[in-house]
Amino acid sequence: MPADPLHRAGKPQRSASSQPPSGSGTSAIEVRRSTRRRRTVSAYREGDRTIVLIPARMSKAEEKRWVTVMLDRLAAQESRRKLGDSDLGERAGRLSAQFFGGRARPASVRWVTNQNTRWGSCTPAEGSIRLSHRLQAMPEYVVDYVLCHELAHLLVPGHGPDFWKLLESYPRTERARGYLEGVAAAERLPGAADAAEASEEE
Ligand SMILES: [Zn+2]
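The shown structure was predicted, so the numbers you read here are calculated from the model rather than taken from an experiment. (Residues numbered from 1 in each chain as written. Predicted model: local features only at pLDDT ≥ 70, side-chain atom pairs only at ≥ 80, totals over all residues.)

## Considering the nonpolar core
Then comes step 1: Within the largest apolar cluster, 24 residues are counted, with the highest numbers of intra-cluster contacts made by Val142, Val146, Cys148 and Leu151.
Then comes step 2: Of all the elements in the fold, those that place two or more residues in this core are helix 3 (85-99), strand 7 (128-132), helix 4 (140-155), helix 5 (161-167) and helix 6 (173-188).
Then comes step 3: Sort the elements by how many residues they give to this core and helix 4 lands first, with 9 residues.
Then comes step 4: Non-local contacts of leucine 151, meaning those with residues more than four positions away in its chain, are made with Ala92, Leu95, Ser96, Phe100, Ala104 and Pro106.
Then comes step 5: In terms of nonpolar packing, the next biggest core, distinct from the first, is built from 11 residues, Val31, Val52, Ile54 and Leu71 among them. (Core = buried A, V, L, I, M, F, W, Y, C linked by C-beta atoms within 7 Å. Buried ≥ 20, exposed ≤ 12 C-beta atoms within 10 Å, placed from the backbone. Helix = DSSP H or I, 4+ residues; strand = E, 2+ residues; numbered from the N terminus. Contact = placed C-beta atoms within 7 Å.)

## Brief notes about the confidence of the model for the protein chain
Then comes step 1: When pLDDT is averaged across the protein chain, the result is 79; 78% of the residues are at 70 or more.
Then comes step 2: In this model, residues 1-25 is a region of pLDDT below 50 whose contacts with residues beyond four sequence positions or in other chains number 42 contacts.
Then comes step 3: Low pLDDT, under 50, characterises residues 192-202; the stretch is placed with 23 contacts to residues that sit more than four places away or in other chains. (pLDDT = per-residue confidence, 0-100.)

## Some thoughts on the sheet that holds strand 6 (residues 120-123)
Then comes step 1: The 3 strands lie next to each other as 5-7-6, forming an open sheet whose pairing is mixed. With one partner strand each, in any of the chains shown, strand 5 (108-112) and strand 6 form the two edges of the open sheet. The average angle at which neighbouring strand axes cross in this sheet is 20°, direction not considered.
Then comes step 2: For strand 6 and strand 7, the ladder comprises 4 bridges, and the chain directions are antiparallel. Across the sheet, serine 121 pairs through a bridge with arginine 130, a residue of strand 7.
Then comes step 3: Sitting on the sheet, helix 3 touches strand 5 and strand 7, and the angle it makes with strand 5 is about 130°. (Pairing = 2+ DSSP bridges. Axes fitted to C-alpha atoms, helices over the stretch in contact; angles between N-to-C directions.)

Shown next as structure tokens:
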């Protein structure tokens, strides 16, 4: 569950309480009650603490239940996200072997956080591939598609017919492109957090 920026900017009433978390490390949990919050509960990590935002009227029993729910959700999100740079390199190697006969050999594959309008990019001269951290919250087949896309650029520059022909070997190309287009379209809707143009890449 992403932090609620609106709420973070407000003045939540603190009712700090520490209790051992259920199965997600040893960080402290801080429950903040807010009168502005009516129904929604959210949680995020702040350093080694976990902040859980709940409506002010929630009972202690509900609080306890929701803290457990939110800790589980955060843990699930984080385990999905744990694909580190070295895992990413390994994964790229496997995808290259599987779909491009091992011909695409990236020198480096890493996550970057400064890439908000592109899902991925590559510098063929250096053999470097960068993936936007935003993909970390997306399904694996989407991450794999973007990896394949960038791997394919190591072999074919640009987006001509040769390029797409190469990508046809990855079976979920169409589906992944649809997913990413959907995300980009949602961001352009009125009221989207920031209407950054999310181009497919490059
Ligand atoms: Zn491309």
